[in-house]
Amino acid sequence: MAVNTTPESALPVGEVSRLIGGWIDRLGAVWVEGQITQLSRRPGVGVVFLTLRDPSYDISVSVTCYRQVFDAVADVVTEGARVVVLAKPEWYAPRGQLSLRATEIKPVGVGELLARLEMLKKSLAAEGLFAPERKKPLPFLPQLIGLVCGRASAAERDVLENARHRWPAVRFEVRNVAVQGVHAVPQVVHAVKELDDIDDVDVIIVARGGGSVEDLLPFSDEQLVRAVASCRTPVVSAIGHEPDNPLLDHVADLRASTPTDAAKKVVPDVGEEYERVRMLRDRARRCVEAFVDREERGLAHALARPSIEDPHRMIDERADHVASLLDRGRRCLGHHLDRAASELTHTHARVVALSPAATLKRGYAVLQRADGHVVRDPGEVTADEALRARVAEGEFSVRVDASVDAQADA
């Protein structure tokens with residue numbers, strides 16, 4: 001229940017501690033799961049002290065139990081083991097300290113751990129964290145590699161030595177962390193996020209040698225999986241445990257079987273690349289030489305053609321043909337003109353011979369009435385009618401004699 005207080009009626013510390021103790025005493029016993037980080041079993045003391053820690057959230061709570069409760073599991077429970085305890089919360093008023101009084105302790109078996117990991121794996125997969133389309137490609141030649149590993153570990157040595165042997169100029173940004181135990185998850189998560197914030201880091205390798213399922217539990221922690229999934233930098237998982245893959249292998253952009261394998265997959269081999277460049281240069285040289293040879297043969301073939309070898313030859317041959325055609329055309333045209341001239345002369349002579357003027361020159365005359373009509377019949381004229389007579393050298397007027405009508409009548 002809430003307590004009403006004011007600055008004038010404040011509660012003493014002892015009273016507040018007593019009230020908290022009263023509220024906690026109302027809580028019943030609960031089953032609590034965690035990892036044992038500290039274990040104290042003093043000889044002759046009937047109480048065992050231990051610290052239970054949640055590695056995912058970095059929270060710890062003190063646990064006490066009677067010796068006979070712990071002795072029942074003492075052979076299988078040590079520091080670092082995961083356990084579930086049935087305990088009742090207790091409040092120690094003089095120090096204001098919360099603890100758990102355990103009445104039963106059960107170790108968490110490997111089978112149960114694997115079953116929980118499988119459930120977590122399905123849940124994260126359903127969110128799409130393991131989807132292939134989310135995975136980022138690794139750079140061909142990383143300039144700066146972030147490495148998260150144990151201090152002075154074989155995994156660190158394998159990655160550094162193999163990477164520098166393959167590409168001596170490669171640089172590393174190393175973060176040494178705990179790779180097992182209660183401090184592993186927060187330290188690995190912090191190191192990954194710190195390296196991801198460095199713009200020059202091209203790829204991050206999380207490396208550790210092999211180990212038991214319990215030793216590798218930090219690399220299946222949900223907090224670490226989500227931290228890797230949110231990285232903008234490609235992450236390589238090199239845990240080196242073939243039988244069982246931690247969840248980090250599924251969310252990472254690339255999985256390496258061992259730290260050595262990670263170095264080989266992340267860093268190219270300078271000797272192989274030099275040989276590849278040499279082969280490409282030789283291939284390019286052969287292609288260019290083949291192209292030049294082919295073009296030279298084509299050019300030689302083109303130059304061997306008569307039209308290219310003696311370009312004026314065709315023109316000369318065509319010139320003779322044109323001259324022959326021109327001479328033939330001139331002869332044909334001359335014949336046509338001569339024949340046309342002859343026909344024109346003959347036609348002209350015929351026209352001249354048949355023309356009225358020629359007839360008039362032979363002494364004939366053409367009589368025309370006043371309206372211009374030619375007189376062809378004596379009956380067409382009347383007595384005393386004025387006519388015009390046209391002769392070869394001109395014309396003159398004549399008048400019809402009266403005797404003409406009489407002759408016409410007769």
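That block above? That's the structure.
Residues numbered from 1 in each chain as written. Predicted model: local features only at pLDDT ≥ 70, side-chain atom pairs only at ≥ 80, totals over all residues. Heavy atoms only, no water.

Notes on the overall build of the protein chain
The helix and strand inventory of the protein chain stands at 13 helices and 13 strands. Radius of gyration (C-alpha) of the protein chain: 62 Å, far over the 22 Å computed for a compact globule of 410 residues. Here the protein chain holds 410 residues, and 30% of them are scored as buried. Across the protein chain, every contact between residues at least 6 apart in sequence was considered, and the portion connecting residues at least 24 apart equals 60%. (Helix = DSSP H or I, 4+ residues; strand = E, 2+ residues; numbered from the N terminus. Rg over C-alpha atoms; globule rule 2.2 N^0.38 Å. Buried < 20%, exposed > 50% of the residue type's maximum accessible area, 1.4 Å probe, protein only. Contact = heavy atoms within 4.5 Å.)

Here's the deal with the pairing of strand E13 (residues 394–399)
Two strands pair when backbone bridges link them, and strand E12 (residues 386–391) and E13 are joined in this way by six bridges, in the antiparallel orientation. Pairing of Ala 386 across the sheet is with Arg 399, part of E13. (Pairing = 2+ DSSP bridges.)

With respect to unusual backbone geometry
Residue Ala 152 is not a glycine yet carries a positive backbone phi of 55°. Here Ala 152 shows up in the loop between strand E6 (144–149) and helix H4 (154–166). If you check the backbone angles, Asp 384 has positive phi at about 65° while not being a glycine. Along the polypeptide, Asp 384 turns up in the loop between strand E11 (366–368) and E12. The exposure class of Asp 384 is partly exposed, given its relative accessible area of 48%.

A closer look at the packing of aromatic side chains
As enumerated under the stated definition, the model contains zero aromatic pairs in all. The ring of Tyr 66 carries the charged tip of Arg 101 above its face, separated from the ring centre by 5.1 Å. (Phe/Tyr/Trp six-rings, centres within 6.5 Å; stacked < 30°, edge-to-face > 60°. Lys NZ or Arg CZ within 6 Å of the ring centre and 35° of its normal.)

What about H4?
Look at H4: 18 Å from first C-alpha to last across 13 residues, which is about the 18 Å you get at 1.5 Å a residue. Of all the residues in H4, the buried ones are Ala 155, Glu 156, Val 159, Leu 160, Ala 163 and Arg 166. Burial along H4 is one-sided: seen end-on, the buried residues are contained in an arc of 145°. In this structure, H4 carries Glu 161 and His 165 as exposed residues pointing more than 90 degrees from its buried face. Looking at the buried residues of H4, the elements they touch are E6, strand E7 (171–176), strand E8 (203–207), helix H8 (259–266) and helix H9 (270–303). (Expected span 1.5 Å × (residues − 1). Arc of directions from axis to C-beta.)

Thoughts on the sheet that holds strand E3 (residues 59–66)
By way of backbone hydrogen bonds, the strands of a sheet pair with one another, either parallel or antiparallel. Pairing within the closed barrel is mixed, and its five strands lie in the order E1-E2-E3-E5-E4. Taking each pair of neighbouring strands and ignoring which way they run, the sheet shows an average axis angle of 55°. Pairing of strand E1 (residues 30–40) with strand E2 (residues 47–54) involves five bridges; the strand directions are antiparallel. Pairing of Leu 39 across the sheet is with Leu 50, part of E2. (Axes fitted to C-alpha atoms, helices over the stretch in contact; angles between N-to-C directions.)

Thoughts on the nonpolar core
Judged by nonpolar contacts, the single largest core of 30 residues is most densely connected at Val 148, Val 206, Phe 219 and Val 251. Counting only elements with at least two residues in this core, the list comes to helix H3 (110–126), E6, helix H5 (184–196), E8, helix H6 (222–229) and helix H7 (247–251). Ignoring anything within four residues of it in the chain, the contact list for Phe 219 reads Val 179, Val 206, Arg 208, Leu 224, Ile 239, Pro 246, Leu 247 and Leu 248. Core analysis: the next-biggest nonpolar cluster, separate from the first, contains 20 residues, Cys 149, Ala 155, Phe 172 and Val 267 among them. (Core = buried A, V, L, I, M, F, W, Y, C linked by side-chain atoms within 4.5 Å.)

Some thoughts on the pattern of salt bridges
Under the definition given, this model contains 21 salt bridges. The partner of Asp 71 in a salt bridge is Arg 41, with the nearest N and O atoms 3.2 Å apart. Placement of the pair is Asp 71 in helix H2 (residues 67–71) and Arg 41 in the loop between E1 and E2, with a sequence separation of 30 residues. Between Asp 327 and Arg 331 there is a salt bridge whose closest N-O contact spans 2.0 Å. Of the two residues, Asp 327 and Arg 331 are both situated in helix H11 (residues 311–354); the distance of four residues between them amounts to about one turn of the helix. A single salt-bridge network, built from bridges that share partners, covers Glu 275, Arg 278, Asp 282 and Arg 285. (Salt bridge = Lys/Arg side-chain N within 4 Å of Asp/Glu carboxyl O.)

Considerations on the side chain of Ser 17
Mapped onto the fold, Ser 17 is located in helix H1 (residues 13–25). Judged by its relative accessible area of 8%, Ser 17 falls in the buried class. Contacts of Ser 17, omitting those with residues within four sequence positions, involve Trp 91, Ala 93 and Gly 96.

A short note on the packing of H5 against H6
Remark: H5 packs on H6, axes separated minimally by 9 Å, with the N-to-C direction vectors making an angle of 5°. Between H5 and H6, the angle is such that the two are roughly parallel. Across from Val 185, Val 188, Val 189 and Lys 193 in H5, the residues of H6 making contact are Gln 223, Leu 224 and Ala 227. (Parallel < 35°, antiparallel > 145°, perpendicular 65-115°, else oblique.)

A short note on the sheet that holds strand E10 (residues 254–255)
Spatial strand order, E7-E6-E8-E9-E10: five strands in an open sheet with parallel pairing. Only two strands of the sheet have a single neighbouring strand rather than two, namely E7 and E10. Strands in contact with H5 are E6, E7 and E8; relative to E6, the strand with the most contacts, it is inclined by about 175°.

Some points on the pairing of E7
As judged from the six bridges shared by E6 and E7, these two strands associate in the parallel manner. Across the sheet, residue Ile 145 finds its bridge partner in E7, namely Phe 172. Read from E6 through H4 to E7, the crossover connection turns out right-handed. (Right-handed = clockwise from strand over helix to strand, strands pointing away.)

Keep in mind these numbers describe shape, not what the thing actually does.
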